[in-house]
Amino acid sequence: MNYQQILQEISNEVSTFPNTGEVANYIPELAKVDPKKFGIHLTTVNNEHFAIGDSEDRFSIQSISKVFTVAMAFSLLGDQLWKRVGVEPSGNPFNSIVQLEYENGIPRNPFVNAGALVVVDVLLSELKDAERDLFAFVQSLTGVSDITYNPIVAQSEKETGYLNVAFVNMMKAKGNIENDADEILDFYYKQCSIEMNCRELACAFLHFGENGKAYDHAGFRLTKSQVKRINALMLSCGFYDESGHFAFKVGLAGKSGVGGGIAALYPEEFAVAVWSPKLNKKGNSVRGFNSLELLTTKTGASLF
Ligand code: GLU
């Protein structure tokens with residue numbers, strides 16, 4: 001498969017579409033990003049690398065980080081984790097609070113904000129230094145040691161994250177939060193404001209597609225079956241309330257973030273990350289979505 005030529009064709013085709021959508025302006029720091037940025041990196045299980053555009057620029061990975069934290073929490077608690085957070089698509093925006101009240105403070109899945117906050121609560125309860133362990137985990141997945149978070153973005157989120165404060169407190173009132181709300185929120189904003197480039201994300205996600213290999217990163221071990229379940233969550237819940245549409249049009253497991261990134265994988269074959277900051281109304285990168293749809297059309301890659 002000539003992936004480099006396919007990435008070139010995708011880039012050419014996508015650049016002829018109008019650059020529609022809006023950058024994530026509800027987080028003031030993210031609103032400053034250049035909306036014209038566009039990059040893709042694809043890496044195969046044979047350690048081949050193909051890239052195009054701004055694939056080496058680091059950007060705010062936002063909710064893509066939720067895959068890393070849920071992998072850590074699943075490794076720590078096993079199936080006990082699913083007593084605290086569900087595995088169903090929410091059918092609601094990632095920051096909707098309505099469902100959380102009538103479902104008794106148990107978030108639908110670990111990728112909506114409330115679910116990711118419960119996952120942080122687990123990490124803070126189970127680990128002596130959860131922040132250090134998160135960065136060690138990401139370093140182990142990528143082989144890159146200088147990945148960190150952007151404190152200005154984290155602060156910007158903290159100043160405007162009123163709904164996240166509400167989620168933690170609602171869940172605390174319902175008995176599903178153990179730690180101090182501020183500690184949870186501080187950790188959550190750090191994980192969301194981690195900056196990585198498309199290459200680093202593709203390398204990290206490739207590990208979730210190598211089912212035959214033992215999965216052990218920085219002491220966080222997942223069985224083959226657990227890795228399969230994380231992929232199932234990505235497929236069913238990874239794209240906000242557009243997850244069904246992504247499965248329908250693209251057919252890969254993946255996760256998007258409001259920084260405009262999408263990381264996805266085709267098990268036993270490749271992982272790919274794409275970045276373009278303008279988002280559609282559901283919070284997914286417009287060009288990122290288009291690019292992955294073109295990728296699976298051109299390569300015939302699909303989980304189905
Ligand atoms: N930090 C963002 C928030 O809490 C994450 C949103 C996302 O990428 O889905 O709203």
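This section reports on the structure supplied with the text. (Residues numbered from 1 in each chain as written. Predicted model: local features only at pLDDT ≥ 70, side-chain atom pairs only at ≥ 80, totals over all residues. Heavy atoms only, no water.)

1. Observations concerning the sheet that holds strand β2 (residues 49–53)
Reasoning step 1: Strand order in this open sheet of five strands is β2-β1-β9-β8-β7, and the pairing throughout is antiparallel. The two strands at the open ends of the sheet, each matched to only one other strand, are β2 and β7 (253–256). Ignoring strand direction, the axes of neighbouring strands in this sheet form an average angle of 10°.
Reasoning step 2: Pairing of strand β8 (residues 261–266) with strand β9 (residues 270–275) involves six bridges; the strand directions are antiparallel. Paired with Y266 across the two strands is F270, which belongs to β9. (Pairing = 2+ DSSP bridges. Helix = DSSP H or I, 4+ residues; strand = E, 2+ residues; numbered from the N terminus. Axes fitted to C-alpha atoms, helices over the stretch in contact; angles between N-to-C directions.)

2. Side note on the environment of K66
Reasoning step 1: Assignment of secondary structure puts K66 in helix α2 (residues 65–77).
Reasoning step 2: Taking C-alpha positions, K66 is 9.3 Å from G257, a pair spaced 191 residues apart along the chain.
Reasoning step 3: Ignoring anything within four residues of it in the chain, the contact list for K66 reads P110, F111, V112, N113, A116, Y188 and Q191.
Reasoning step 4: A polar contact is formed between the side chain of K66 and the side chain of Y188, at a distance of 3.4 Å. (Contact = heavy atoms within 4.5 Å. Polar contact = N/O pair within 3.5 Å; in protein donor to acceptor, adjacent residues only side chain to side chain.)

3. A few points about the side chain of N197
Reasoning step 1: If you trace the backbone, N197 turns up in the loop between β4 (195–196) and α9 (198–206).
Reasoning step 2: Overall, N197 belongs to the buried group, its relative accessible area being 3%.
Reasoning step 3: A polar contact is formed between the side chain of N197 and the backbone oxygen of E56, at a distance of 3.4 Å.
Reasoning step 4: In this structure N197 touches S55, E56, D57, R58 and F59, once residues within four positions along its chain are discounted. (Buried < 20%, exposed > 50% of the residue type's maximum accessible area, 1.4 Å probe, protein only.)

4. What to know about the nonpolar core
Reasoning step 1: F68, M196, L201, F205, F208 and M234 are the most contacted members of the largest nonpolar core, which has 68 residues in total.
Reasoning step 2: At nine residues, the largest contribution of residues to this core is made by helix α4 (residues 113–126).
Reasoning step 3: M196 has contacts with D57, R58, F59, I61, F68, V138, T142, I147, L201 and A204, leaving out every residue within four places of it along the chain.
Reasoning step 4: Among the nonpolar cores identified, the runner-up in size contains 24 residues, and F239, F270, V272 and L292 belong to it. (Core = buried A, V, L, I, M, F, W, Y, C linked by side-chain atoms within 4.5 Å.)

5. Considerations on α4
Reasoning step 1: Here α4 contains 14 residues, and its C-alpha end-to-end distance of 20 Å stays within 8% of the 20 Å for a straight helix at 1.5 Å per residue.
Reasoning step 2: Counting buried positions along α4 yields twelve of 14 residues, so the element is predominantly enclosed.
Reasoning step 3: Taken together, the buried positions of α4 are N113, A114, G115, A116, L117, V118, V119, V120, D121, V122, L123 and L124.
Reasoning step 4: Buried residues in α4 make contact with α2, α3 (98–102), α5 (130–142), α7 (162–173) and α8 (181–192). (Expected span 1.5 Å × (residues − 1).)

6. Notes on the packing of aromatic side chains
Reasoning step 1: Taken as a whole and judged by the stated rule, the model has 13 aromatic pairs.
Reasoning step 2: Here the aromatic rings of F137 and F220 are separated by 5.6 Å at their centres, their planes lie at 75°, and the arrangement is edge-to-face. Here F137, found in helix α5, pairs with F220, found in strand β6 (residues 220–222); they are 83 residues apart in sequence, far enough to count as distant.
Reasoning step 3: In this structure F137 comes out as buried when scored by relative accessible area, which is 0%.
Reasoning step 4: F220 sits in the buried class, given a relative accessible area of 5%.
Reasoning step 5: Between F208 and Y215 the ring centres are 5.6 Å apart and the planes differ by 40°, which places this aromatic pair in the tilted class. Here F208 and Y215 have matching classes, each one buried.
Reasoning step 6: Grouped by ring-pair contacts, the aromatic residues Y3, F50, Y266 and F270 constitute a single cluster. (Phe/Tyr/Trp six-rings, centres within 6.5 Å; stacked < 30°, edge-to-face > 60°.)

7. Digging into the packing of helix α6 (residues 151–160) against α8
Reasoning step 1: Across the interface, α6 lies against α8 with an axial gap of 8 Å and an inter-helix angle of 130°. When the axes of α6 and α8 are compared, the pair comes out oblique. Handedness of the crossing formed by α6 with α8: right-handed. Contacts between α6 and α8 involve A154, E157 and K158 from the former and D186, Y189, K190 and C192 from the latter.
Reasoning step 2: Taken together, the residues that form the contact of α6 with α8 break down as three nonpolar, no polar and four charged. (Parallel < 35°, antiparallel > 145°, perpendicular 65-115°, else oblique. Left-handed = near helix turned anticlockwise from the far one by under 90°. Nonpolar A, V, L, I, M, F, W, Y, C, P; charged D, E, K, R; others polar.)

8. Some thoughts on the packing of α5 against α8
Reasoning step 1: Here α5 crosses α8 at 20°, and the two axes come no closer than 11 Å. Our classification of the angle between α5 and α8 gives roughly parallel. α5 and α8 meet at a crossing whose hand is right-handed. Residues A130, E131 and L134 of α5 pack against F187, K190 and Q191 of α8.
Reasoning step 2: Class assignment for the residues of the contact of α5 with α8 results in three nonpolar, one polar and two charged.

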